[in-house]
Amino acid sequence: MPNEIYHKSNWGNANAEGFGDVYFDAAATNKLYNHSDYYENSDGTDKILRDLSNKASIVLTPTAYSDGSLNTVIPPYQVLPTELVTNGTFDTDSDWIKGSGWSISNGVASYDGGSGTQPIKQSGIAQSGKTYKISLNVVSNEGSGSNTIYLGGVIINTSHLQAGSYTFFVTTNTTGDLQFFGRSGENFVIDNVSIKEVQEADFDFSRGSSATRVNEKGLVEDVQILSGELVQNGDFEEIGSELVTNGNFETDSDWTLPSGSIISGGSLNIDGTQTGTINVNQTITSLDLTKIYKVTFTVSNYTAGNVKVKISNDAQGTNKTANGTYTEYLSGMVNKTLSLTANVDFIGSIDNVSVKEVGQNWTTQSDVTFGDGTVSMDSTSLNAYINQNILTVGSKYRVSITVDALSITDKLDLINGSGIPYKVLEVGTNNFDIIATGNDAFRIRTKDGATSTISNVSAKLVTDDTDLPRIDFTDGTGSLLLEPQRTNLVTYSEDFSQWSTNDVTLESGYTAPDGSTNAYKVTRTGTTAYVFLSGVAADDNARTIYARTVSGSGDVKLTSHNLNTNNLFTVTDEWQRFEVNSAPRVGINFYAIDFRGAGTTLDEVIIWAAQTEVGDYATSYIPTNGSTVTRSADVANNSGNADLFNDSEGVLYAEVERFDNDTGFGSIGISDGTNNNKVVFKFRNTTNLVWGLIKSGGANQAIMQYTASDLTVFNKLAIKYKENDFALWFNGVQVVTDTSGIVPTGLDTLHFQDGGAFEEFRGKIKAVAVFKEALTDEELQELTS
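### What to know about the overall build of the chain
Okay, so step 1: Within the chain, the regular secondary structure consists of 2 helices and 62 strands.
Okay, so step 2: If you line up the chain on its principal axes, its C-alpha atoms span 105 × 85 × 60 Å.
Okay, so step 3: Within the chain, the fraction of its 785 residues that count as buried is 53%.
Okay, so step 4: Entry remark: accessible area of the chain is about 31,500 Å², with carbon and sulfur atoms responsible for 43%.
Okay, so step 5: Here the chain holds 52 positive side-chain charges and 95 negative ones, and the gap between their average locations is 3 Å.

### Notes on the packing of aromatic side chains
Okay, so step 1: By the definition in use, this model includes 23 aromatic pairs.
Okay, so step 2: Note on phenylalanine 203 and phenylalanine 752: the rings are 5.1 Å apart at their centroids and 25° apart in plane angle, and the pair reads as stacked. On the criterion of sequence distance, the pair formed by phenylalanine 203 in strand S16 (residues 203-206) and phenylalanine 752 in the loop between strand S61 (749-751) and strand S62 (763-771) is long-range, its members being 549 residues apart.
Okay, so step 3: Phenylalanine 752 gets classed as buried once you look at its relative accessible area, which sits at 3%.
Okay, so step 4: Relative to phenylalanine 590, the ring of tryptophan 499 lies with its centre 5.7 Å away and its plane at 85°, an arrangement referred to as edge-to-face. With tryptophan 499 in the loop between strand S40 (486-488) and strand S41 (500-502) and phenylalanine 590 in strand S49 (residues 590-594), the pair connects residues that are 91 residues apart, well separated along the chain.
Okay, so step 5: Within the aromatic cluster, the residues linked to one another by ring pairs are Phe496, Trp499, Tyr520 and Phe590.

### Focus: helix H2 (residues 777-784)
Okay, so step 1: Those residues of H2 lying buried are Glu779, Leu780, Leu783 and Thr784. What you see down the axis of H2 is that its buried residues fit within an arc of 115°, all on one side.

### What about the nonpolar core?
Okay, so step 1: Counting residues in hydrophobic clusters, the biggest one holds 40 residues, and the most contacted among them are Ile670, Phe681, Phe683, Leu750 and Phe752.
Okay, so step 2: Beyond its immediate stretch of four places on either side in the chain, leucine 750 contacts Ile58, Phe203, Asn637, Asn638, Ser639, Phe645, Leu652, Gly669, Ile670, Val768 and Val770.
Okay, so step 3: With 30 residues, the next largest nonpolar core counts Ile292, Val375, Ile390 and Phe432 among its residues.

### A few points about the pattern of salt bridges
Okay, so step 1: Summed over the entire model, instances satisfying the criterion amount to 32 salt bridges.
Okay, so step 2: A salt bridge links arginine 631 to glutamate 483; the shortest N-O distance between them is 3.4 Å. Of the two residues, arginine 631 sits in strand S51 (residues 629-631) while glutamate 483 sits in the loop between strand S39 (479-482) and S40, which places them 148 residues apart along the sequence. Take arginine 631 and glutamate 483: they sit in the same class, and that class is buried.
Okay, so step 3: Via salt bridges that share partners, Arg207, Arg470, Glu483, Arg631 and Asp634 belong to a single interconnected network.

### A few points about the sheet that holds strand S56 (residues 689-696)
Okay, so step 1: With antiparallel pairing, 5 strands are arranged side by side in an open sheet as S57-S56-S55-S54-S61. One side of each edge strand has no neighbouring strand; the edge strands of this open sheet are strand S57 (699-707) and S61. Averaged over all pairs of adjacent strands, the angle between strand axes in this sheet comes to 10°, irrespective of strand direction.

### Here we look at the environment of valine 679
Okay, so step 1: Residue placement: valine 679 occurs in strand S55 (residues 678-683).
Okay, so step 2: Spatially, the C-alpha atoms of valine 679 and glycine 755 are 8.6 Å apart, while their sequence positions differ by 76 residues.
Okay, so step 3: When neighbours within four sequence positions are excluded, valine 679 is seen to be in contact with Leu652, Ile668, Gly669, Ile670, Leu693, Ile694, Ile719, Tyr721 and Pro744.

### Quick look at the sheet that holds strand S45 (residues 542-548)
Okay, so step 1: Pairing is antiparallel in the open sheet, where 5 strands are placed in the order S42-S43-S50-S45-S48. Single-partner strands in this sheet number two, and they are strand S42 (504-510) and strand S48 (576-580). Mean inter-strand twist for the sheet, computed between neighbouring axes without regard to direction, equals 35°.
Okay, so step 2: The pairing of S45 with strand S50 (residues 604-613) spans 6 bridges and is classified as antiparallel. Following the sheet pairing, threonine 544 is matched in S50 by glutamine 611.

### A look at the side chain of threonine 402
Okay, so step 1: Inspection of the secondary structure assignment puts threonine 402 in strand S32 (residues 396-406).
Okay, so step 2: Within the local environment of threonine 402, its side chain forms a polar contact with the side chain of threonine 429, the two groups lying 3.3 Å apart.

### A word on a negative patch on the surface
Okay, so step 1: The grouping of Asp539, Asp540, Asp616 and Asp662 at the surface amounts to a negative patch.
Okay, so step 2: Tracing the sequence through the fold places aspartate 539 in the loop between strand S44 (530-533) and S45.

### Topic: unusual backbone geometry
Okay, so step 1: Here alanine 609, not a glycine, exhibits a phi torsion of approximately 65°, which is positive.
Okay, so step 2: As for its placement among the helices and strands, alanine 609 is situated in strand S50.
Okay, so step 3: For alanine 609, a relative accessible area of 0% puts it in the buried group.
Okay, so step 4: The phi dihedral of asparagine 731 falls on the positive side, at around 50°, and the residue is not glycine.

### As for the environment of glycine 664
Okay, so step 1: Its location among the elements puts glycine 664 in the loop between strand S53 (649-658) and strand S54 (666-671).
Okay, so step 2: Sequence separation between glycine 664 and aspartate 616 is 48 residues, and the spatial gap between their C-alpha atoms is 11 Å.
Okay, so step 3: Residues within four places of glycine 664 in sequence aside, it is in contact with Arg658, Phe683, Arg684 and Asn685.

### Description of the pairing of strand S2 (residues 56-60)
Okay, so step 1: Within S2, 5 of the 5 residues are buried, leaving the element largely enclosed by the surrounding structure.
Okay, so step 2: Sheet topology places S2 next to S62; 4 bridges connect them, and they run antiparallel. Each residue of the ladder has a partner; that of alanine 56, found in S62, is phenylalanine 771.

### Digging into the pairing of S56
Okay, so step 1: The buried fraction of S56 is high, at 8 of 8 residues.
Okay, so step 2: Here S56 shows no split at all, with Leu689, Trp691, Leu693 and Lys695 on one side and Val690, Gly692, Ile694 and Ser696 on the other all buried.
Okay, so step 3: Of the pairings in the sheet, the one linking S55 to S56 comprises 6 bridges and is antiparallel in character. Bridge pairing links lysine 682 to tryptophan 691 in S56.
Okay, so step 4: The hairpin formed by S55 and S56 contains 5 residues between the paired strands, and asparagine 688 there has a positive phi angle of roughly 60°.
Okay, so step 5: Where S56 meets S57, 8 bridges bridge the pair, whose relative direction is antiparallel. By the bridge assignment for S57, tryptophan 691 is matched with glutamine 705.

### Regarding the environment of serine 241
Okay, so step 1: Structurally, serine 241 is set in the loop between strand S18 (220-222) and strand S19 (261-264).
Okay, so step 2: If we ignore the near neighbours within four places in the chain, the residues touching serine 241 are Val355 and Lys356.

### Quick notes on the confidence of the model for the chain
Okay, so step 1: Here the chain averages 88 in pLDDT, and 92% of its residues register 70 or above.
Okay, so step 2: Across residues 1-20, where pLDDT falls below 50, the model places 54 contacts with residues more than four positions away in sequence or in other chains.
Okay, so step 3: The low-confidence segment residues 28-42, where pLDDT is below 50, has 47 contacts with residues more than four positions distant or belonging to other chains.

The rules behind these values
- Residues numbered from 1 in each chain as written.
- Predicted model: local features only at pLDDT ≥ 70, side-chain atom pairs only at ≥ 80, totals over all residues.
- Heavy atoms only, no water.
- Helix = DSSP H or I, 4+ residues; strand = E, 2+ residues; numbered from the N terminus.
- Buried < 20%, exposed > 50% of the residue type's maximum accessible area, 1.4 Å probe, protein only.
- Areas by Shrake-Rupley, 256 points an atom, 1.4 Å probe, with all protein chains shown as cover.
- Lys, Arg positive; Asp, Glu negative; His and termini not counted.
- Charge placed at Lys NZ, Arg CZ, Asp CG, Glu CD.
- Phe/Tyr/Trp six-rings, centres within 6.5 Å; stacked < 30°, edge-to-face > 60°.
- Arc of directions from axis to C-beta.
- Core = buried A, V, L, I, M, F, W, Y, C linked by side-chain atoms within 4.5 Å.
- Contact = heavy atoms within 4.5 Å.
- Salt bridge = Lys/Arg side-chain N within 4 Å of Asp/Glu carboxyl O.
- Pairing = 2+ DSSP bridges.
- Axes fitted to C-alpha atoms, helices over the stretch in contact; angles between N-to-C directions.
- Polar contact = N/O pair within 3.5 Å; in protein donor to acceptor, adjacent residues only side chain to side chain.
- Patch = residues over 30% accessible without salt bridge, like charges linked within 9 Å, V, L, I, M, F, W, Y side chains within 5 Å.
- pLDDT = per-residue confidence, 0-100.

What follows is the structure, given as structure tokens:
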């Protein structure tokens, strides 16, 4: 096993043999152990760590998820080798219970179609709650009826199976039979039937609401956004390298010079002695018919005539008849020769010739010009568009398009490749979701004689699924975020134009921590300057807001009234989230910013994402727009099965961070699904207190109590359990032992709660692991260091 553990072999974001979509967070790979390559150091530590990797029966390091599950990296979805079907190749007429019309001969099972709907089956082959891989080969199947397959009370297939090989995966809900049904009037022939158990330990996950996280780029985003940015060069800032050689005419080379032209003094000079139109040429082999190029040049010493640039008759600029620096955007060339074309009357000099690719990743139609961070479209002669092939039919996308200018209302839209509109666009930032009605084409069109200018385009894949775990990067590395239910009582968390103000101006359009332009700059204009929303918070609510300066740093009061003493913060030109956990003096109103009072040194601050919630600590951002919004609690439990645990001995390991030190209880443990038999970390409602608790047959066997220095930072903990040999390890040190007690029985579940389905853990998790043996002290020291 490599030292960085990836989930499920090499699956991508696609349906993997019936298991459903699995999504990977590209930057979320965590190391379970901090070790280098697996050579053995002189002190033997690498050998210990290699052995630990092989010994773990369950490992969660948050890297991948699917709707309703959080995927472990050990065990992967691995098919166990034991074949559960007897005589699946039908070599003998035995082991199968045949309904009327079924027969076995010559290595196949056949149904004659004359006896109605009849099964062939093997009894008691599946156990309840397990996952199985079922495969078979359909030799032939005449007719069109459905061919139902059952396993353990679950209907697997109801369609008509054509000849071919099939594989199905199913999790059973009862102990039961495998059955294949033939239908009346059709001859159904099968062979090579196989059933093997699939072992996995993924956590059942649920939340039932949207939620935000900080992604690997440091941006706040809804977890339902399943992709990064799909649009390439969406800000139109990309520009290629210089393609012209000697464009400044420093040497008399690289250009073909006809009569009447000469290179001298650092410029191309045309003296009027030409007898007709002349072309000063340079071949540029890298020019591409499908791309767009920005061509610039300078005319000086102009006396008469006209000059232009062209690459072909279909890709040429307009005539220039005065001194100046000119820019053309050319495309559709049919050759690779750049020409400076002067008519018979032209007298003047040309310098600083440049050709660079622009509009990378976009394809275009008609008159499209890429400028400095913008694209302009002119549909005077033909509808103009820009296009990228990024959509998949049926998928949902979150789109943002910023329109700077539009000459005719309702003449700019986002369409598919067939010209069917998704959305009519207006001047300003257009934010909306679409369901792709065709593959590939994501096309912005200007039509019917209008002109438009666009400065930003974005599209990301999203889902309506709400039961998606959150891999959060607030601390710079990925960790699973498990939070309680909370409600943002601020009704307009981003639109500060809805708030009350005094002696300030508000200016919108600043880039926010989620990548949008929804942040506001607040500027003091008088001595009693503040922005507040009334009646949204009690004194003891947790209050947060994001803030930054335009430049530099300084102090200002955020989230509560200036008379309070805990709300003066130093703000820099980097976004930070500021938190106040109580507002003891004046607390009923939420003051996003208050310039009054001693200590304030700033006159302008950019703010975003105000939140107040009932609780002793702040949780992740909950966006609102006109009403309060509730994010439901994260729940992740029910990992594993009895095969992955050892009742006699073992180790439970976790690297976790609590949200608070002393409020409520939280647990991480393994159990038999009840409160009677368990091995559990119990984080208490006493400051920094954690227990290592072992319970067997309803009786406590070991309560190992330890007071840590700080449980609100990441710590590594392990509980070793074995009869009369229990130990609690904390950050590389064995802190408590107990040498008397028996072990629990029936262990079959790993969960982020106590054994009795309560005391859910609230915090961040970098790793959780289960070992089926009691590790040595040396191994436990390495594991938790």
